[in-house]
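# Structural description and commentary
Below, each chain spelled out in residue letters.
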Amino acid sequence: MKKLMRITVCAVVAFLGILCLTACGQKKAQETQDNISYTVTANESDFYNINAKTTRATAGMNAFVEILPQFEAVKIDKVYYNEAEQKECTKSTTDDNRYEFVMPNENVTITVKYSFVDNEEDNFLGWDTANDNTFSIFVESADDSYYAPLDDGTLTANVIKNPSQSGGYFSSHTETVFSLDETVIPNEALDIMAVKNGSVATAFVIHINRTLIHEGETQLIFKVNNGHKFGDASLLVCTIRVDNA
């Protein structure tokens, strides 16, 4: 009888030991999981900079990212931490450029959704006041032929002041233009010509091939980089309306 009792007690002690080890193991695993440091990554753009951000954090910690638009015509609409799951950052009430979130138990990729606002001038460029922002589709008749640039739609951007470090000789520059809605104005319909006084650029003319455009409305985004100073640029934005001929 005593022998049976000893066996029973030993079995109970062994069982309690297993439970204790299991509980300790689960607790240690939970502590290890809670202490995992996850990464935060964010890519910069031609239109905004990542000014600062949390780089690593554990789940449950407060994290942030600071996004600074490079131009006044750029508007930050939404910032996501892991866009696929529609996890949206909260904009700070004290800092317009700061977006906050609570770190999940996974690595985070920041996604920035932005839009453009029409403007009249920026830095060293300004839209010409004579620009007409409404164009008609060109329809070639039997007796007519399309001759660019006479039949192109045009938008002019003037150099309104000497670009930084150009010394009054704005001879180094690169320019790009694109349409936000290519079903209205495809990018292949757009071309840029620099107007020069000798080698000095005084204006830029955007040509719009009216045989390629379609009825509707789009924004054109025009950017000129100043080759005399790294990082210096102008961004002009305008809304274009295309009507039937």
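Everything below is about the structure shown above.
## Description of the overall build of the chain
A tally of regular secondary structure across the chain gives 1 helix and 17 strands. Within the chain, the fraction of its 245 residues that count as buried is 36%. Sequence separation of 24 or more characterises 66% of the internal contacts of the chain that already satisfy a separation of 6 or more.

## A look at the packing of aromatic side chains
When we look at a pair of aromatic rings, we describe it by the centre distance and by the angle of the planes. Under the criterion given, the structure shown has 11 aromatic pairs. Geometrically, the ring pair formed by Phe116 and Phe178 is edge-to-face, given 6.4 Å between the ring centres and 70° between the ring planes. Placement of the pair is Phe116 in strand β8 (residues 108-116) and Phe178 in strand β13 (residues 173-179), with a sequence separation of 62 residues. Phe178 sits in the partly exposed class, given a relative accessible area of 25%. Members of the aromatic cluster, joined through ring pairs, are Phe47, Tyr48, Tyr114, Phe116 and Phe178.

## Here we look at the nonpolar core
Buried together is how nonpolar side chains tend to be arranged in soluble globular proteins. If you look at the biggest cluster of nonpolar residues, it comprises 26 residues, and the most contacted ones within it are Leu155, Ile185 and Phe222. For this core, the secondary structure elements donating two or more residues are β10 (125-127), β12 (153-159), β15 (200-208), β16 (216-226) and β17 (233-243). The biggest single contributor to this core is β15, with 5 residues. Leave out the neighbours within four places in its chain, and Phe222 touches Leu125, Trp127, Ala157, Glu175, Thr176, Val177, Ile192, Phe204, Ile206, Ser234, Leu235 and Leu236. Counting 19 residues, the second-largest nonpolar core is a separate cluster that includes Tyr48, Ile50, Ala57 and Ile67.

## Here we look at the pattern of salt bridges
Tallying each qualifying case throughout the model produces 8 salt bridges. Note that Asp77 and Lys75 form a salt bridge whose closest N and O atoms lie 2.7 Å from each other. Assessed through its relative accessible area of 35%, Asp77 is described here as partly exposed. Residue Lys75 is classed as partly exposed on the basis of its relative accessible area of 44%. For the salt bridge of Arg241 with Glu215, the shortest nitrogen-to-oxygen distance reads 3.8 Å. Placement of the pair is Arg241 in strand β17 and Glu215 in the loop between β15 and β16, with a sequence separation of 26 residues. Given the relative accessible area of 44%, Glu215 is considered partly exposed. Salt bridges sharing common partners tie together Glu66, Arg98 and Glu100.

## Considering the sheet that holds β17
Within the open sheet, the 4 strands sit side by side as β11-β17-β16-β13. Their pairing is mixed. This sheet does not close on itself; its edge strands, each paired only once, are β11 (134-136) and β13. This sheet shows a mean twist of 30° between the axes of neighbouring strands, independent of strand direction. In terms of strand pairing, β16 meets β17 through 10 bridges, oriented antiparallel. Looking at the pairing, Thr218 lines up with Ile240 of β17.

## Considering unusual backbone geometry
The backbone phi angle of Asn82 is positive, close to 70°, even though this residue is not glycine. Locating Asn82 in the fold gives a position in the loop between β5 (74-81) and β6 (90-91). The phi torsion at Gln86 lies on the positive side, around 55°, for a residue other than glycine. Mapped onto the elements, Gln86 comes out in the loop between β5 and β6.

## Concerning the environment of Asp152
Along the chain, the position of Asp152 falls in the loop between β11 and β12. Measuring from C-alpha to C-alpha, the distance between Asp152 and Asn209 comes to 5.2 Å, with 57 residues separating the pair along the chain. Of note is the side chain of Asp152, whose polar atom sits 3.4 Å from the side chain of His207.

Definitions and limits used
- Residues numbered from 1 in each chain as written.
- Predicted model: local features only at pLDDT ≥ 70, side-chain atom pairs only at ≥ 80, totals over all residues.
- Heavy atoms only, no water.
- Helix = DSSP H or I, 4+ residues; strand = E, 2+ residues; numbered from the N terminus.
- Buried < 20%, exposed > 50% of the residue type's maximum accessible area, 1.4 Å probe, protein only.
- Contact = heavy atoms within 4.5 Å.
- Phe/Tyr/Trp six-rings, centres within 6.5 Å; stacked < 30°, edge-to-face > 60°.
- Core = buried A, V, L, I, M, F, W, Y, C linked by side-chain atoms within 4.5 Å.
- Salt bridge = Lys/Arg side-chain N within 4 Å of Asp/Glu carboxyl O.
- Pairing = 2+ DSSP bridges.
- Axes fitted to C-alpha atoms, helices over the stretch in contact; angles between N-to-C directions.
- Polar contact = N/O pair within 3.5 Å; in protein donor to acceptor, adjacent residues only side chain to side chain.

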